[in-house]
Amino acid sequence: MRSIEKVLLEFDPETRNLLPALKKISAAFGYVSEKDAKKTAEYFSIPLSKTYETASFYDLVWTKKQPSLAVQVCSGTNCAVSGSFEVIKEMENYLKIKAGDGFNSKIKLEIISCLGQCGEGPVVVVNGKIFTRVTASGVHGILEEWL
Amino acid sequence: MSNTKIITNNWGKIDPDKIESYIAVGGYSALKKFIRDLDAQTVLAEIKKSGLCGRGGAGFSTGDKLSLVATQGGEKYFICNLDESEPGTHKDRSIVDNNPHVLLEGIILSSLIIGAKKAFIYINGHYEKQKEILEMALEQAEKNEFLGRGIIGSCYDLEVEIFQGAGAYVCGEETALINSMEGNRGEPKLRPPYPTGSGLWGKPTCVNNAETVSNIPWIILNGADAYSKIGAPCSPGTKLYILGGSIRNPGVVEAPTGITIRELIFNFGGGLPRGKEFWFTQIGGASGHLVLESELDTPLTFSRECPVSLGSGAILVVDRSVNIYDLILSWTGFFRRESCGKCLSCREGTFRLHEIAGRLQDGEISDRDKESLKDILWTLNNTTFCPLGKFAATAMGDAILKLKILGD
Ligand SMILES: Cc1cc2nc3c(=O)[nH]c(=O)nc-3n(C[C@H](O)[C@H](O)[C@H](O)COP(=O)(O)O)c2cc1C
Ligand code: SF4
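All figures in this text were calculated on a predicted structure; none of them were measured in a lab. (Residues numbered from 1 in each chain as written. Chains lettered and ligands numbered in written order. Predicted model: local features only at pLDDT ≥ 70, side-chain atom pairs only at ≥ 80, totals over all residues. Heavy atoms only, no water.)

Engineer: Just checking my understanding: could you explain the overall build of chain B for this structure?
Structural biologist: In terms of regular secondary structure, chain B is built from 16 helices and nine strands. With respect to the principal axes defined by its C-alpha atoms, chain B has extents near 70 × 45 × 35 Å. Taken across its 408 residues, chain B has 60% of its residues classed as buried. Taking the contacts inside chain B whose residues are at least 6 apart along the sequence as the reference set, 70% of them involve residues at least 24 apart. Looking at chain B as shown, the accessible area adds up to about 15900 Å², and 50% of this sits on carbon and sulfur atoms. (Helix = DSSP H or I, 4+ residues; strand = E, 2+ residues; numbered from the N terminus. Buried < 20%, exposed > 50% of the residue type's maximum accessible area, 1.4 Å probe, protein only. Contact = heavy atoms within 4.5 Å. Areas by Shrake-Rupley, 256 points an atom, 1.4 Å probe, with all protein chains shown as cover.)

What follows is the structure, given as structure tokens:
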């Protein structure tokens, strides 16, 4: 596995590269840990608080360790009219957690905004893998392989 | 009605991965014409005369915006806004998927016209494949000397860089977009100063939507007069409309501005699928207005007088079988998640709206909720820092007024 130093060295230490660097760290290590945030702050010569200020704003940068199963369901307008809320209900029943509940350390079920895949909805993302035209009855089939 | 195609003209005919196939259909000849025969002043005047206005939602005159930056000296930037995260909107993505070079040619021309040596494409954080297509397009354009130092033997230099967002709707707003490129939280900035005066790193910056930019090569080749004859006189040209929801032929279509909603749904979209009954349509994504059957003959333009603003051009057709409470949860949930939290009225207002939407769904809405709904919508409409607050109140307000979700 790459070290945080190696990832940082890919970027010139200018604040314009802060967001791209944080995204890369988050993708490489699963999230930006406090230790890595400190190293990032040092590398860019900015306060730690500034690093968190930026990191915590964006959906594609995580500042907390992510559960091993992350399920996301799009609830954008097009997905909503093609039944994404039924899919969400079925997921809640099957996974036995509430959507948006941040307390389960192993599983996360999240409602997300449009990914631009409209026309093929409802769209579901499981650990980064995209499923389209998902129906409530198809939920079991999709999640089985991950549980 | 004119059926001129400006942007989708070569879709499906050319290979988006090969610059040669764009050149074979006359691609980059607007750039060549500009370098050989024209100067920035002339082209600016031409773009102003064409009446082209911004396709990112606000409809500001593109010629005027380019001029504001062109008239200033020193370092300046051009940014193509490809953040596109309005729900139901994927027109800019489709441009990249089908013809990335028409966009790139537009970006190069816009940059040279304003005198920028550096341009950026700010692309949606989820558009991984489109980022790769654009990277390849940039490489090929550079090999062909359409980019880099001394563009086709001239003294123009230009570098184009891709900056990818990180999943925040509000970053499509130009000042938030600039904040995010500067390494800050993607919160909107106070305007003025406008980006045209003080934008990226404090330098004059022109931010234009990807669809707007893609019109530029055509205008240079065919002239302002030809362009201004297409569509509605107040905001001429064509527009990409994204048809979705309960419709036979969903997808992106190009049609003139000034077209009616009915024509789009029934002529271009083939109407509703068999057995579905029309209820209403939402124009412009989650932040758009709702339109009933009786208003379908409204022509769509960017003019302030147009009763329904075109916004992103998304047309969502909703039939009677849809659970309206699902849609309300979708709108309110979206704005609650995407509110950047900078101002209280939007941060709290979107949160409360979503809570009430949940109770509506569960059939537990109280009289007190109904009262506060009015207050919340008024506050969102009138007191928020950026237009996102207003967007959050639009569809909900219409649902109360036109769909009578709370009764009469
Ligand atoms: C909340 C919000 C989101 C926006 N999102 C986008 C977007 O995704 N793409 C876009 O081009 N413009 C978006 N805009 C409009 C931009 O601020 C800006 O007006 C536009 O990029 C200017 O380009 P144009 O003149 O070519 O339309 C958004 C505005 C707001 C207030
Ligand atoms: S209106 Fe909403 S999105 Fe806009 S600045 Fe205020 S909190 Fe942020």
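Engineer: For this particular structure, what's the right way to read the packing of aromatic side chains?
Structural biologist: A ring pair, where both rings are aromatic, is described by two values, the distance of the centres and the angle of the planes. Residues and elements named next belong to chain B. Inspection of the entire model under this criterion finds 14 aromatic pairs over all chains. A centroid spacing of 6.0 Å and a plane angle of 75° characterise the contact between Phe 120 and Trp 201, whose relative ring orientation is edge-to-face. One end of the pair, Phe 120, is in strand β2 (residues 118–123); the other, Trp 201, is in the loop between α8 (174–181) and β4 (205–209), and 81 residues separate them in sequence. Overall, Trp 201 belongs to the partly exposed group, its relative accessible area being 31%. For the ring pair Phe 334 and Phe 335, a centre distance of 5.0 Å and an interplane angle of 75° mean the geometry is edge-to-face. An identical accessibility class is assigned to Phe 334 and Phe 335; each is buried. Among the aromatic residues, ring-to-ring pairing joins Tyr 22, Tyr 28 and Phe 146 into one connected group. (Phe/Tyr/Trp six-rings, centres within 6.5 Å; stacked < 30°, edge-to-face > 60°.)

Engineer: Would you mind going over empty space enclosed by the protein with me for this structure?
Structural biologist: Left-over empty space is what a probe sized like a water molecule reveals as it rolls over the atoms. Following the criterion strictly, the structure yields three cavities of 30 Å³ or more and no others. By volume, the largest cavity amounts to about 60 Å³. For the largest cavity, the full set of lining residues is Val 170, Pro 188, Ser 339, Cys 340, Gly 341, Lys 342, Cys 343, Cys 346, Phe 385, Cys 386 and Leu 388 of chain B. Looking at the lining of the largest cavity, its residues break down into eight nonpolar, two polar and one charged. The volume enclosed by the second largest cavity comes to roughly 40 Å³. Of all the secondary structure elements, the ones that give two or more residues to the lining of the second largest cavity are α5 (77–81) of chain A together with β5 (238–245) and β9 (314–319) of chain B. The class makeup of the residues in the lining of the second largest cavity is six nonpolar, six polar and no charged. (1 Å grid on protein atoms, 1.4 Å probe; cavity = no way out; pocket = protein on both sides within 12 Å on 5 of 7 lines; lining within 4 Å. Points joined across faces, edges and corners; volume = space filled by probe spheres on them. Nonpolar A, V, L, I, M, F, W, Y, C, P; charged D, E, K, R; others polar.)

Engineer: Would you mind going over the site of ligand 2 with me for this structure?
Structural biologist: All names here are of chain B. Near ligand 2 lie 13 residues; those nearest to it are Cys 340, Lys 342, Cys 343, Cys 346 and Cys 386. Applying the majority rule of atoms within 2 Å of the grid points places ligand 2 in the largest cavity. Looking at side-chain class alone, the shell around ligand 2 contains eight nonpolar, four polar and one charged residues. (Near = heavy atom within 4 Å. Sits in = over half its atoms within 2 Å of the grid points.)

Engineer: How do you make sense of the interface of chain B and chain A when you look at a structure like this?
Structural biologist: Put simply, an interface is often sized by how much accessible area is lost when its parts join up. Taken together, the contact between chain B and chain A spans 45 residues of the former and 29 residues of the latter. Taken over both partners, the interface formed by chain B and chain A buries close to 2900 Å², and the fraction arising from carbon and sulfur atoms is 57%. It is Ala 166, Arg 185 and Arg 337 of chain B that lose the most area in chain B upon contact with chain A, and together they represent 20% of the buried surface on that side. For the pair chain B and chain A, the interface holds one salt bridge. Ionic pairing is found between Glu 161 of chain B and Arg 16 of chain A, a salt bridge with its closest N-O pair at 3.5 Å. Linking chain B with chain A are 16 residue pairs in polar contact (both at pLDDT 80 or more), by the criterion used here. When contributions to the side of chain B that touches chain A are tallied by element, the ones reaching two or more residues are β2, β3 (159–164), α8, β5, β9 and α13 (324–338) of chain B. Top element by residues in the side of chain B that touches chain A is α13 of chain B. It accounts for eight residues. Among the residues forming the side of chain B that touches chain A, the class breakdown is 19 nonpolar, 16 polar and ten charged. (Buried area = accessible area lost by both parts, 1.4 Å probe. Salt bridge = Lys/Arg side-chain N within 4 Å of Asp/Glu carboxyl O. Polar contact = N/O pair within 3.5 Å; in protein donor to acceptor, adjacent residues only side chain to side chain.)

Engineer: What is the right way to look at the packing of α13 of chain B against helix α16 (residues 388–401) of chain B in this model?
Structural biologist: To characterise two packed helices, one gives the angle between the axes of the helices and the distance between these axes. Residue and element names in this part refer to chain B. Across the interface, α13 lies against α16 with an axial gap of 10 Å and an inter-helix angle of 165°. By the angle between their directions, the pair α13 and α16 is classed as roughly antiparallel. Handedness of the α13/α16 crossing: left-handed. Along its contact with α13, which presents Ile 328, Trp 331, Phe 335 and Glu 338, the element α16 presents Leu 388, Phe 391, Ala 392, Ala 395, Met 396 and Ala 399. Along the lines of polarity and charge, the residues of the contact of α13 with α16 split into nine nonpolar, no polar and one charged. (Axes fitted to C-alpha atoms, helices over the stretch in contact; angles between N-to-C directions. Parallel < 35°, antiparallel > 145°, perpendicular 65-115°, else oblique. Left-handed = near helix turned anticlockwise from the far one by under 90°.)

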